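Chain residues, written in single-letter form:
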There are 2 protein chains.
Amino acid sequence: MKQYTVGVDVGGTNIKLGLVNRFGTIVEKAVLSTRHVNKSRKRLIDAICISILKLIKEKRLAAKDILGIGLGLPGPIDSKRGIVSFLPNIPGWKNVPLKNILQKKLHIPTFIDNDVNLITLGEWKFGAGQGCRNMMCMTLGTGVGAGLILNNDLYRGEGFSAGELGHVPLNEDGPACNCGGWGCFERYVGNTVLLQEASKVFRNKDIQLPDIYRLAKQGDQRAIRFWEKTAIHIGNALAGVVNLLNLRLIVIGGGVSKSFKFLDKTIHATIKARAMKVPAAMVKVVRAKLDDDAGILGAQVLVKESVSGR
Amino acid sequence: MKQYTVGVDVGGTNIKLGLVNRFGTIVEKAVLSTRHVNKSRKRLIDAICISILKLIKEKRLAAKDILGIGLGLPGPIDSKRGIVSFLPNIPGWKNVPLKNILQKKLHIPTFIDNDVNLITLGEWKFGAGQGCRNMMCMTLGTGVGAGLILNNDLYRGEGFSAGELGHVPLNEDGPACNCGGWGCFERYVGNTVLLQEASKVFRNKDIQLPDIYRLAKQGDQRAIRFWEKTAIHIGNALAGVVNLLNLRLIVIGGGVSKSFKFLDKTIHATIKARAMKVPAAMVKVVRAKLDDDAGILGAQVLVKESVSGR
């Protein structure tokens, strides 16, 4: 009986895989470094296939036990036709019909989507967003992305590129961004920018975000203030989203979310100060629950919805 | 046979009514000034009822010919239960079960929604947005509002207050706004602000927006620059919306849209400069087509969708 799904979360530095039972528990996991294989598309695809088959075999299962495979990839994905439009951080991917390629190799129904969309589906069905009709899940890391559940459905946008929260302008004038624009949200809260800022504040070039979290926990005022400043930027961006979309919930994941307890109050206060009364009173901002497992669990949601033809 | 719908667009200064045939043509219209009646809720409701009945009678029709009545009101409306939450610019309205009140008086199925939502439905089905799956319709007037069609459906938000585009922050710091926030989009492009700006630019306290449109048409550089500056603010706000929602179309209505031909190029150029490539290439920004009729026609969309239980 087809009871299991495989979730694959393809990142720039590694690939996380998980075998998930029908109740939504990850029964087997694997991590694969992409460093050696991501220079060639063929090698990357082969490595993914081998890892998937190994994962299935390790649990003494076969293709017939697998309802489907779900892959999340870091870029805009035509999830309907199963085509990778392109991957900004992995060269050699442009209009690749990955769904068909994998299905031919593996003989298992395969579905692909943007990585943040899968994380969003995971948090929605298994994590912080359970039962929520209108929510956004944002990931704060090197990049800043978001997935949207609107009217109880994943909203992908006209060309599958919705959720580019990191490139929503936070100011009319502002620092230049990789995307070609300027004043983008990511230019205020992306990891690279935060570390630059931190090296100035703490006069230390080696300081990392977990260090600043620990310092804040120890009561270091510079560290506390550092997170507060970050939280104001986040709150300013979210105030706009809240006014535009009147969401019930905003889930924050990614590396920066590990310092959520130093961000929480200021994010809420900023939203309350800047957004309209009705939507501000209604929205909750919470920390993601599933961490690294979100994408693998979200893949199950994608597989189930796709197989049932939703 | 129930072939007609009645649309009612309740504004702060007047109420527009229209009788619409089943093909979507307005066969009879009326306008009612709200000035004398909007001080008392009862008087306003009575005036609306009398006007609706008069409109039906004038075409020698009866209640049995009317499929339903749709009303748009300027505020957050619980369209599901038919309750007016409140109307910011008309006192005395708080949690009013208007749908039931009108149905009891008129014996015709009645549905209510936010006025900009009805305008959006009108432009979507009969105007500039026909066939569009993902679009936003914004109205630029004294206030700035927006309605969203996402995944082929009107998106109302968790508490029926989605689309508060006028209060999306355009800058982290910025001028104080009526809403209690600051730096809101409306504080840069709302009519009041534009007129203040214009009185400085043209050193004339009486100048109106249509005057600046005419001056631009005559080649007046100050007027052309005035609209360009306005268009940059609009483009900056829309760049964020485009990155977040990856829309196919943005429709601009309201008074300011009359100068669309002096805004058009700069709005597009600003979006192209600031938004990501994929969503920027995909979105079109156009002028609304239906002007004052949008809400009345949108009311028909609401009535038909509500009657058919969508």
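Residues numbered from 1 in each chain as written. Chains lettered and ligands numbered in written order. Predicted model: local features only at pLDDT ≥ 70, side-chain atom pairs only at ≥ 80, totals over all residues. Heavy atoms only, no water.

**Details of the packing of aromatic side chains**
Residues and elements named next belong to chain A. By the definition in use, this model includes 6 aromatic pairs over all chains. Through a chain of ring-to-ring contacts, the aromatic side chains of F202, F226 and W227 assemble into a single cluster. Seen from the ring of W124, K125 lies directly overhead, with NZ or CZ sitting 4.3 Å from the centre. (Phe/Tyr/Trp six-rings, centres within 6.5 Å; stacked < 30°, edge-to-face > 60°. Lys NZ or Arg CZ within 6 Å of the ring centre and 35° of its normal.)

**Looking at the sheet that holds strand β7 (residues 94-96) of chain A**
Read across the open sheet, the 3 strands follow the order β5-β6-β7 (chain A); overall the sheet is antiparallel. Unpaired on one side and paired on the other, β5 (77-78) and β7 of chain A mark the two borders of the sheet. (Pairing = 2+ DSSP bridges. Helix = DSSP H or I, 4+ residues; strand = E, 2+ residues; numbered from the N terminus.)

**Here's the deal with the side chain of B:S161**
Relative to the helices and strands, B:S161 resides in the loop between β11 (153-155) and α4 (186-189). Excluding its chain neighbours within four sequence positions, the residues that come into contact with B:S161 are A:N243, A:N246, A:V278, A:P279 and B:R156. (Contact = heavy atoms within 4.5 Å.)

**Side note on the packing of helix α1 (residues 41-58) of chain B against helix α2 (residues 98-106) of chain B**
To describe two helices that pack against each other, one gives the angle between their axes and the distance between the axes. Residue and element names in this part refer to chain B. Where α1 contacts α2, the two axes come as close as 11 Å, and the packing angle between them is 50 degrees. One finds that α1 runs oblique with respect to α2. Every pair of crossing elements has a handedness; the one defined by α1 and α2 is right-handed. Counting all contacts with α1, which are made through I45, D46, C49, I52 and L53, the residues of α2 involved are L98, I101, L102, K105 and L106. (Axes fitted to C-alpha atoms, helices over the stretch in contact; angles between N-to-C directions. Parallel < 35°, antiparallel > 145°, perpendicular 65-115°, else oblique. Left-handed = near helix turned anticlockwise from the far one by under 90°.)

**With respect to the interface of chain B and chain A**
Every contact between the two is made by 50 residues of chain B and, on the other side, 50 residues of chain A. Together, the buried faces of chain B and chain A total about 4,000 Å²; carbon and sulfur atoms form 56% of this surface. The three residues of chain B that bury the most area against chain A are B:E172, B:L244 and B:R274, which together make up 21% of that side's buried surface. Where chain B packs against chain A, one counts 0 salt bridges. For the pair chain B and chain A, the interface holds 32 residue pairs in polar contact (both at pLDDT 80 or more). Breaking the side of chain B that touches chain A down by element, the ones donating at least two residues are β10 (144-150), β11, α7 (221-245), α8 (260-274) and α9 (277-282) of chain B. If one sorts the elements of the side of chain B that touches chain A by residue count, α7(B) sits on top with 9 residues. Per-class residue counts for the side of chain B that touches chain A are 26 nonpolar, 16 polar and 8 charged. (Buried area = accessible area lost by both parts, 1.4 Å probe. Salt bridge = Lys/Arg side-chain N within 4 Å of Asp/Glu carboxyl O. Polar contact = N/O pair within 3.5 Å; in protein donor to acceptor, adjacent residues only side chain to side chain. Nonpolar A, V, L, I, M, F, W, Y, C, P; charged D, E, K, R; others polar.)

**A few points about the sheet that holds β10(B)**
Residue and element names in this part refer to chain B. The 5 strands lie next to each other as β11-β10-β9-β12-β13, forming an open sheet whose pairing is mixed. The open sheet has two free edges, formed respectively by β11 and β13 (284-287), since each of these has just one partner strand. Put simply, the sheet's adjacent strands are angled 25 degrees from each other on average, direction ignored. Pairing of strand β12 (residues 249-253) with β13, which is carried by 4 bridges, proceeds in the parallel orientation. From the neighbouring strand, I250 faces β13, where its bridge partner is V285. Packing against the sheet, α7 makes contact with β9 (135-140), β10, β12 and β13, and its axis sits at approximately 160 degrees to β9.

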